[in-house]
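The residues making up each chain are set out below.
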Amino acid sequence: MANPDHPVPIGAGVHTVLVVDDEILIRFQISSYLRDCGYRVIEAADIDEAMIVLNEPGLAIDLVLSNVGIGGRMDGFGLARWLRANKPEVPVILVGSPARAAEVAADLCETGPMMTKPYESEILLDHIKRTLAERGSLASGILGNAVAVLTRAGDVTRAS
Amino acid sequence: MGEPNGAPRLMAAPKTILAVEDDVLIRLAIADDLMAEGFRVIQAANADEALKVLQSTVDLDLVMTDIRMPGSLDGLELARQVRERWPMLKIVVLSADLPAQRPASLADAFLGKPYSISAVLTCINTLLSIENGEP
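These notes cover the structure that comes with them. Worth saying up front: this structure is predicted, and the values here are computed from it rather than measured.

**Overview of the overall build of chain A**
When helices and strands are tallied, chain A shows five helices and five strands. Along the chain direction, N to C, the helices and strands of chain A fall in the order β-α-β-α-β-α-β-α-α-β. Sequence separation of 24 or more characterises 68% of the internal contacts of chain A that already satisfy a separation of 6 or more.

Below, the structure written as structure tokens:
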């Protein structure tokens, strides 16, 4: 079980986050922030790139953080549905605005580096859920394999 | 951070490299290699993304670009624009399709693919050391 009294040093037991965003300056800022927090970050500029990464056997992705309105063969909702069907163990957070993406990254950053080993993706997700729930924004937004859709207005939307 | 291939160590603040590559797995590998050596890396999927970074307030030291990429311009045209608009930036062209003509006026170095990370690091460290006036 995770023990918050024994934080993991940055760089130890690193989780990999796939950041999917077609706005390079946002993608870079979010990715840099998460790297500073000790995560390994893989950047994808669209859904097609994300799918290549997710289908690459040598790359284990622990969490996907994706823009909703991103281009490619499908949008963020489509990516979440694909993950639910094909990689249900990978949690997804969809964000609808750069500000929300930054907030989510801050939540990840605040929570992740303080977690102790062993911490599986479910535990990480639990922290994300709890963190977001504490913000009063995620009462009913966790679906299936945990797809939280954070819209521009800060509302939580279900993915169909 | 080590001193690969006897290359100079990076000093103080990390140098920032804009890596422009349309193949996400190659881009990831290059970025991982460069970040492991202490560089700050901004990853652009094409020249259009690269221009957004170049036109932003982000400070860059070097642009490393592929040649053949989708988008409004290829890597050679990107290099031309960088030379013209941001002449202080070092440019490395990294491609499997290097042109027969490789003028220094277009780029500081041309490297082929598949690339050797040691060759890339030696090249980058040399270029950035020259920029800093180091031996």
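**A word on the sheet that holds strand E5 (residues 109–112) of chain B**
Residues and elements named next belong to chain B. Here we have five strands laid out as an open sheet, ordered E2-E1-E3-E4-E5, and parallel in their pairing. Strand pairing shows two members of the sheet lacking a second neighbour, strand E2 (40–44) and E5, which therefore form its edges. Taking each pair of neighbouring strands and ignoring which way they run, the sheet shows an average axis angle of 20 degrees. Taken together, the four bridges between strand E1 (residues 16–20) and strand E3 (residues 62–65) define a ladder with parallel strand orientation. Paired with Ile17 across the two strands is Leu62, which belongs to E3.

**Some thoughts on the interface of chain A and chain B**
Between chain A and chain B, the residue contacts involve 17 residues of the former and 18 residues of the latter. Between chain A and chain B, the buried area comes to about 1,400 Å², and carbon and sulfur atoms account for 62% of it. Along the contact surface separating chain A from chain B lie four salt bridges. Here Asp32(B) and Arg40(A) are joined by a salt bridge, their closest N and O atoms 2.5 Å apart. Secondary structure elements with two or more residues in the side of chain A that touches chain B: helix H1 (24–36), strand E2 (40–44) and helix H2 (47–54) of chain A.

**A closer look at the packing of H2(A) against helix H3 (residues 76–86) of chain A**
Residues and elements named next belong to chain A. Where H2 meets H3, the closest approach of the two axes is 11 Å, and the angle between their N-to-C directions is 20 degrees. Put simply, H2 runs roughly parallel to H3. The handedness of the crossing between H2 and H3 comes out as right-handed. Contact with H2, carried on its side by Ile47, Met51 and Leu54, involves Gly76, Leu79, Trp82 and Leu83 of H3 and no other residues of that element. Residues of the contact of H2 with H3, tallied by class, amount to six nonpolar, one polar and no charged.

**Topic: the pattern of salt bridges**
Residues and elements named next belong to chain B. According to the stated counting rule, one finds 12 salt bridges over all chains in the structure shown. Here Glu21 and Lys113 are joined by a salt bridge, their closest N and O atoms 2.5 Å apart. Taken together, the residues Glu21 in the loop between E1 and helix H1 (24–36) and Lys113 in the loop between E5 and helix H4 (117–131) connect sequence positions 92 residues apart. Taking relative accessible area as the criterion, Glu21 reaches 3% and is therefore assigned buried.

**Description of the nonpolar core**
One recurring pattern in soluble globular proteins: nonpolar side chains tend to sit buried together. Grouped together as the largest cluster of nonpolar side chains are 28 residues, with contacts concentrated most on Leu18(B), Val20(B), Ile42(B), Leu54(B), Leu60(B), Leu78(B) and Val82(B). Here this core gets five residues from one element, more than from any other, and that element is helix H2 (residues 47–54) of chain B. In contact with Leu18(B), not counting residues within four places along its chain, are Ile42(B), Ala44(B), Ala50(B), Val53(B), Leu54(B), Leu60(B), Leu62(B), Val63(B) and Met64(B). Ranked by size, the runner-up nonpolar core spans 23 residues in total, among them Ile61(A), Val68(A), Ile70(A) and Leu28(B).

Rules behind the numbers
- Residues numbered from 1 in each chain as written.
- Chains lettered and ligands numbered in written order.
- Predicted model: local features only at pLDDT ≥ 70, side-chain atom pairs only at ≥ 80, totals over all residues.
- Heavy atoms only, no water.
- Helix = DSSP H or I, 4+ residues; strand = E, 2+ residues; numbered from the N terminus.
- Contact = heavy atoms within 4.5 Å.
- Pairing = 2+ DSSP bridges.
- Axes fitted to C-alpha atoms, helices over the stretch in contact; angles between N-to-C directions.
- Buried area = accessible area lost by both parts, 1.4 Å probe.
- Salt bridge = Lys/Arg side-chain N within 4 Å of Asp/Glu carboxyl O.
- Parallel < 35°, antiparallel > 145°, perpendicular 65-115°, else oblique.
- Left-handed = near helix turned anticlockwise from the far one by under 90°.
- Nonpolar A, V, L, I, M, F, W, Y, C, P; charged D, E, K, R; others polar.
- Buried < 20%, exposed > 50% of the residue type's maximum accessible area, 1.4 Å probe, protein only.
- Core = buried A, V, L, I, M, F, W, Y, C linked by side-chain atoms within 4.5 Å.

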